[in-house]
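# A look at the structure
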Amino acid sequence: MKKFAWIFGTVLIVVLAGIFWYKFYFVFGEGVKAGSLNYFVKKGIVFKTYEGRVVQEGFQSPTAGGLQSNEFRFSVVDEEVAGKLERASGRFVELRYKEYNGMLPWRGTSNFVVTEVLTIKDEASSGDSALPYDQ
């Protein structure tokens with residue numbers, strides 16, 4: 001009976017550890033998002049984390065007939081990436097991110113964690129403006 005309890009306990013611990021890893025550390029998706037960096041802050045009560053929001057071009061609608069801006073909310077763990085984003089508010093950014101199945105309090109309040117800043121551009125100097133201007 002003792003041997004069965006040890007085997008059952010070991011299997012239970014391994015299964016629970018596997019579920020925990022899958023929920024919080026398995027990278028579900030990776031990708032790149034681009035848009036205007038709306039805000040970037042460090043906040044929290046116990047765990048101070050970096051949180052941000054990028055507003056992308058276009059609109060999305062969760063309900064028929066409604067419109068809202070297309071936003072990408074994310075967290076940042078790396079201090080170097082956070083330093084770049086702190087100086088890029090209001091500018092066009094391209095961000096590489098990882099998507100997890102669950103969030104951890106010390107990793108941020110989002111399932112999306114930005115791992116790299118690919119480009120930072122000043123929208124005013126892009127030259128792609130559709131607005132006419134006088135010369």
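Preceding block: the structure.
So, a few notes on the structure that sits alongside this text. Computed from a predicted model, the values in this text were never measured in an experiment.

### Considerations on the overall build of the chain
Within the chain, the secondary structure is distributed over two helices and five strands. Order of helices (α) and strands (β) in the chain, N terminus to C terminus: α-β-β-β-α-β-β. Looking at the chain as a whole, 26% of its 135 residues qualify as buried. Look at the contacts in the chain between residues 6 or more apart in sequence, and 56% of them connect residues 24 or more apart. Counting only carbon and sulfur atoms, one obtains 59% of the accessible surface of the chain, whose full area is about 9,600 Å².

### Description of a nonpolar patch on the surface
Taken together, Met 1, Phe 4, Ile 7, Phe 8, Val 11, Leu 12, Val 15, Leu 16 and Ile 19 make up a surface patch of nonpolar side chains, about 970 Å² in accessible area. Mapped onto the elements, Leu 16 comes out in helix α1 (residues 2-24).

### Some points on helix α2 (residues 79-86)
Those residues of α2 not exposed but buried are Val 81, Ala 82, Gly 83 and Leu 85. Capping of α2 at its N-terminal end is provided by Asp 78; its side-chain oxygen lies 3.3 Å from the backbone amide nitrogen of Glu 80.

### So, the nonpolar core
Among soluble globular proteins, nonpolar side chains are generally buried collectively. Counting residues in each nonpolar core, the largest one holds 16 residues, and the members touching the most others are Leu 37, Phe 40, Phe 74, Val 76, Leu 85, Leu 95 and Val 114. For this core, the secondary-structure elements that each account for two or more residues are β1 (27-43), β2 (49-60), β3 (68-76), α2, β4 (92-100) and β5 (112-121). Sequence-distant contacts of Phe 40, that is, excluding residues within four places in its chain, are made with Tyr 50, Glu 51, Gly 52, Phe 74, Val 76, Ala 82, Leu 85 and Glu 86.

### Comments concerning the side chain of Thr 49
With respect to the element layout, Thr 49 can be found in strand β2. Each residue touching Thr 49, except ones within four places of it in the same chain, is listed here: Val 41, Lys 42, Lys 43, Pro 105, Trp 106, Arg 107 and Gly 108.

### Re the pattern of salt bridges
Tallying each qualifying case throughout the model produces three salt bridges. Linking Arg 53 and Glu 71 is a salt bridge whose minimum nitrogen-to-oxygen distance equals 3.5 Å. Pair noted here: Arg 53 is in strand β2 and Glu 71 is in strand β3, with a separation of 18 residues, a long-range link. In this structure, Arg 73 engages Glu 71 in a salt bridge whose closest nitrogen and oxygen atoms are separated by 3.2 Å. Given a relative accessible area of 43%, Arg 73 falls into the partly exposed group. Beyond isolated ion pairs, a larger network of salt bridges with shared partners links Arg 53, Glu 71 and Arg 73.

### A look at the environment of Ala 34
With respect to the helices and strands, Ala 34 occurs in strand β1. The exposure class of Ala 34 is partly exposed, given its relative accessible area of 27%. Ignoring anything within four residues of it in the chain, the contact list for Ala 34 reads Val 54, Gln 56, Phe 92, Val 93 and Glu 94.

Scoring rules and cut-offs
Residues numbered from 1 in each chain as written. Predicted model: local features only at pLDDT ≥ 70, side-chain atom pairs only at ≥ 80, totals over all residues. Heavy atoms only, no water. Helix = DSSP H or I, 4+ residues; strand = E, 2+ residues; numbered from the N terminus. Buried < 20%, exposed > 50% of the residue type's maximum accessible area, 1.4 Å probe, protein only. Contact = heavy atoms within 4.5 Å. Areas by Shrake-Rupley, 256 points an atom, 1.4 Å probe, with all protein chains shown as cover. Patch = residues over 30% accessible without salt bridge, like charges linked within 9 Å, V, L, I, M, F, W, Y side chains within 5 Å. Salt bridge = Lys/Arg side-chain N within 4 Å of Asp/Glu carboxyl O. Polar contact = N/O pair within 3.5 Å; in protein donor to acceptor, adjacent residues only side chain to side chain. Core = buried A, V, L, I, M, F, W, Y, C linked by side-chain atoms within 4.5 Å.

That's the geometry; what it means functionally is another story.
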